[in-house]
Amino acid sequence: MAAPLLRAVRTVPRISRPLSRTLSGSSDFLAAVARRGLFKELFPAESAGLQLPSLLRSGPQTVYCGFDPTADSLHVGNLLAVLGLLHFHRAGHNAIAVIGGATAQLGDPSGRSHERDPLMPDSIEANARGIRQSLDTLFGNYELLHGARPGATFTVLNNASWYRGQGAVGFLSSVGRHFRMGTMLSRHSVQSRLRSPEGMSLTEFVYQVLQAYDFYHLHREHGCAIQLGGTDQLGNLMSGQDFIQRVTGQQVFGILLPLITSSTGDKLGKSAGNALWLNRERTSPFEFYQFFVRQQDSVVEKFLKLFTFLPLAEIEHIMEQHAKEPEKRGPQKRLAAEVTKLVHGKEGFESAKRCTHALFHSSTDALEAMSDQELQELFREAPFAELLLEPGTRVLDTCLKMSAIPAGARGYEIISSGGLSINHRRVTNPDEVLVVGQHILKNGLSLLKVGKKNFYIVKWMHL
Ligand code: YSA
């Protein structure tokens, strides 16, 4: 049964406004994060620009952001929301990350053109564990890199815990009556879906009610007065603000963060199928690092401000150096280093560097320095096999066993014409017998490359 709600008051109309403009001239932490472009909009605009900075100066506040467990890992888009929480945390405020064990069962329609297939409770639980791991690792790495902030807490909650035992009739009669249909229908996420041929189910339509109730619950139980979310969350954040205003008469605040898009302009994320994951099992530290190294000059300064804690003056200096020596890709490398350390720790960053060296610097030493896990991560797409090393095993036999070349004369010709390299060394004699220390590395591995980019990894087992 829902807890008794207090009283209803009139909802304050609001329009959002760029935060850097609202807070221009202010020197506090909100303005500083707004200058980085991370806190993009604040609402309600007409009062929050004045009230929120003084609330934050009055003592530690509690801020929250939610993540639906629709996959078993967070991705780089979600990382921005976690960075928002970390900025509050480092300024001495308490951060709550809510895993949407309940909301994931409904499916947030925000930014989606189709309704999600329902998720089974078992997968939601498994996903929630993966997301919890992403969150704990991020906060743990942050503290190792930047030091703990005494007094400021970081808590992970699952909203399934406060809907358990909540009856539908009780919830609808106590909570539902505070939501106006007109306002709910006006939300962008609802409007765009209503116009689509598929329409919208009641399940998705009421999603905003649950996210609003979460904010109310956290306000009541944890004194939380601020919710963060990407710009796609605007409607959900507003619903929470309206609801709390109606039942308690108190003002709470929403802060919107920018959405990260791919070079083609699509939102980066799981639905778009272009996600860069934070859990190592899905995206290796090497792939993660390379994503940032590959960023174009046009976005690298923006990303340094959004994804790192480097002071703005240092970023300016990095960009000045870059103008003098653009071929060094200094800002890209620094960006990749900072974000990889935060997401995968110093060890993950070292691993990414080892893999980069092994692949792009064609060095046998670097290949030997890599662990089996790194090799497999590096060539995740590459066939990997364990083969028995029999005396007299030839280059040709190995390539055939790995199906790296076609059988018969064509395969023989690919090798003899220079199409094969083993451990970065060209091998042109198909009948050459494998030698440890040359074709086989000290760690018992061979890296075969056929043509420009077909890699195969062999792990040798001795007789
Ligand atoms: C929020 C609050 C609750 O009380 C309960 C649930 C939620 C979850 C919320 N409705 C949601 O579905 N969020 S999400 O799991 O899709 O994403 C988590 C956060 O990452 C959101 O703030 C979202 O805006 C942000 N995000 C996702 N892709 C992004 C991104 N931010 C920047 N760039 C992207 N590409």
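Structure's up top.
Worth saying up front: this structure is predicted, and the values here are computed from it rather than measured.

Describing the nonpolar core
- In terms of nonpolar packing, the biggest core is built from 91 residues, with Phe39, Phe67, Phe88, Leu228, Phe292 and Phe307 touching the most fellow members.
- In this structure, Leu387, Ile440, Tyr456 and Trp460 belong to the second largest nonpolar core, which totals 20 residues.

A few points about the site of the ligand
- For the ligand, the set of nearby residues contains 24 residues, the closest of which are Asp108, Asp214, Asp232, Ile260 and Leu268.
- Side-chain polar atom of Tyr64 to an oxygen atom of the ligand: 2.8 Å apart, as the coordinates give it.
- Contacts to the ligand include Asp214, whose side-chain N or O atom sits 2.6 Å from an oxygen atom.
- Out of a free accessible area of 700 Å², the ligand has 96% covered by protein chains.
- Of all the secondary-structure elements, those providing two or more residues to the shell around the ligand are strand 3 (62-67), helix 4 (76-90), helix 12 (207-222) and strand 6 (224-230).

Quick word on the environment of Gly107
- With respect to the secondary-structure elements, Gly107 resides in the loop between helix 5 (103-106) and helix 6 (121-146).
- Distance in space between the C-alpha atoms of Gly107 and Arg195 is 18 Å, their sequence separation being 88 residues.

A short note on helix 13 (residues 234-248)
- Taking 1.5 Å as the rise per residue, helix 13 with 15 residues should run 21 Å; its terminal C-alpha atoms sit 21 Å apart, in good agreement.
- Counting buried positions along helix 13 gives 14 out of 15 residues, so the element sits mostly inside the fold.

Quick word on the packing of helix 6 against helix 17 (residues 330-360)
- Two numbers describe how helix 6 lies on helix 17: the axes approach to 8 Å, and their chain directions differ by 70 degrees. Viewed along their axes, helix 6 and helix 17 adopt a mutual orientation that is roughly perpendicular. Contacts from Thr137, Leu138, Asn141, Tyr142 and Leu145 of helix 6 reach helix 17 at Lys341, Leu342, Val343, His344, Gly345 and Lys346.
- A breakdown of the residues in the contact of helix 6 with helix 17 according to their chemical character gives five nonpolar, four polar and two charged.

Re helix 16 (residues 312-324)
- In this model, helix 16 (13 residues) spans 19 Å end to end at C-alpha, consistent with the 18 Å of a helix rising 1.5 Å per residue.
- Listing the buried residues of helix 16 in full gives Ile315, Ile318, Met319 and His322. Along the axis of helix 16, the buried residues cluster in a sector spanning 95 degrees; they form a single face. Across helix 16 from its buried face, at more than 90 degrees, point the exposed residues Ala313, Glu316, Ala323 and Lys324.
- In this structure, the buried side of helix 16 is in contact with helix 15 (297-307) and helix 17.

Thresholds, definitions, all that
Residue indices follow the written sequence of each chain, beginning from 1 at its first position. Local features in this predicted model are restricted to residues of pLDDT 70 or higher, and side-chain atom pairs are both shown and tallied only at a pLDDT of 80 or more, whereas totals for entire chains, interfaces and linings draw on every residue. The basis for the side-chain values is all heavy atoms of the structure; hydrogens and waters are excluded. What is meant by a nonpolar core is a set of buried Ala, Val, Leu, Ile, Met, Phe, Trp, Tyr and Cys residues, joined one to another through side-chain atoms within 4.5 Å. With a 1.4 Å probe rolled over the protein chains alone, any residue whose accessible area is under 20% of its type maximum counts as buried; one over 50% counts as exposed, and the rest are partly exposed. Summary of the distance rule: residues count as near a molecule or strand when at least one heavy atom falls within 4 Å of that molecule or strand. Counted as a polar contact is a pair of N or O atoms within 3.5 Å, where, for protein atoms, one must be capable of donating a hydrogen and the other of accepting one, and residues adjacent in sequence contribute only when both atoms are in side chains. A 1.4 Å probe and the Shrake-Rupley method give the accessible areas. Residues count as covered only by the protein chains that appear here. Helix and strand assignments follow DSSP, with helices taken as H or I runs no shorter than four residues and strands as E runs no shorter than two, numbered in order from the N terminus. Expected helix span is given by 1.5 Å per residue-to-residue step, counting one fewer step than there are residues. For helices, the fitted line uses only the C-alpha atoms of the stretch in contact; every axis is such a line through C-alpha atoms, and the angle between N-to-C directions lies from 0 to 180 degrees. Oblique is the label for any angle not under 35 degrees, not over 145, and not in the 65 to 115 range, which are roughly parallel, roughly antiparallel and roughly perpendicular in turn. Any two residues whose heavy atoms approach within 4.5 Å at even a single point are treated as in contact. Basically, the charged four are Asp, Glu, Lys and Arg, the nonpolar ten are Ala, Val, Leu, Ile, Met, Phe, Trp, Tyr, Cys and Pro, and anything else, Gly included, counts as polar. The directions considered for the arc run from the helix axis to the C-beta atoms.

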